[in-house]
Structures are given as structure tokens and as C-alpha cells.
Amino acid sequence: MARFDLQNFTYATIAGENRAEAFCNMGLMYATGRGCDIDVVAAHKWLNIAAIKGSERAAELRAELAATMSKGDLAIALRSAREWMTVH
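Here the structure is a predicted model, which is why all the values come from computation and not from measurement. (Residues numbered from 1 in each chain as written. Predicted model: local features only at pLDDT ≥ 70, side-chain atom pairs only at ≥ 80, totals over all residues. Heavy atoms only, no water.)

**Details of the nonpolar core**
Okay, so step 1: Counting 20 residues, the largest nonpolar core has Phe-23, Cys-24, Tyr-30, Trp-46, Ile-49 and Ala-58 as its most contacted members.
Okay, so step 2: Elements with a contribution of two residues or more to this core: α2 (19-32), α3 (40-52), α4 (56-66) and α5 (71-87).
Okay, so step 3: Per-element tally for this core: the top contributor is α3, with eight residues. (Core = buried A, V, L, I, M, F, W, Y, C linked by side-chain atoms within 4.5 Å. Buried < 20%, exposed > 50% of the residue type's maximum accessible area, 1.4 Å probe, protein only. Helix = DSSP H or I, 4+ residues; strand = E, 2+ residues; numbered from the N terminus.)

Next up, the structure:
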């Protein structure tokens, strides 16, 4: 999964797309299963990162997704986003 994420991020930034929107699109990709398996934890992670980077759309989508997630999955997603932000 990490390799796929990195490839999508690299492609999006090379294409000149705004980073926040690239992260939002990755969140949507995982939320809808577009080109991958549906993974709500990964979707929330990327939507959270996009929201932190300034995407209002991602913040709205993150809130909607969080309302459907278990507390355990939400905690994993938040921890994963925090870890990613620490490294990048």
C-alpha cells in the first residue's frame, strides 16, 4: 500500500496538482475503491492530511467518513496520519 500511495503522490505533484487536493483524491480513491480495495482507515488518513494541508472539501469528507467508522478504526487512522505528518 505504501508504494502505491507514494506513486500517486509523486504523480500528482509532478502534474502540478495542489498537494492538498492530491491527498484528498487519494482519500477518495480509498473511500470508493477506485483502482484499489476500499480501505476506510487509509481514506480517513489521506483526507485528514488533506484537511491539515488546507482542503475544506477533505475536511467535510473526513467528517462524513468518521461518522461511519468504529472508534478503533478511527484511532488507527488518526495515528497513521500523525505518523505520516511527522516523517513528511
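**With respect to the packing of α3 against α5**
Okay, so step 1: Put simply, α3 and α5 touch, their axes get as near as 8 Å, and they point 50° apart. Relative to α5, the element α3 lies oblique. Considering only the axes of α3 and α5, their crossing is right-handed. Contacts between α3 and α5 involve Val-41, His-44, Lys-45, Trp-46, Asn-48, Ile-49 and Ile-52 from the former and Asp-73, Leu-74, Ile-76, Ala-77, Leu-78, Ser-80, Ala-81, Trp-84 and Met-85 from the latter.
Okay, so step 2: In terms of residue class, the contact of α3 with α5 is made up of eleven nonpolar, three polar and two charged. (Axes fitted to C-alpha atoms, helices over the stretch in contact; angles between N-to-C directions. Parallel < 35°, antiparallel > 145°, perpendicular 65-115°, else oblique. Left-handed = near helix turned anticlockwise from the far one by under 90°. Contact = heavy atoms within 4.5 Å. Nonpolar A, V, L, I, M, F, W, Y, C, P; charged D, E, K, R; others polar.)

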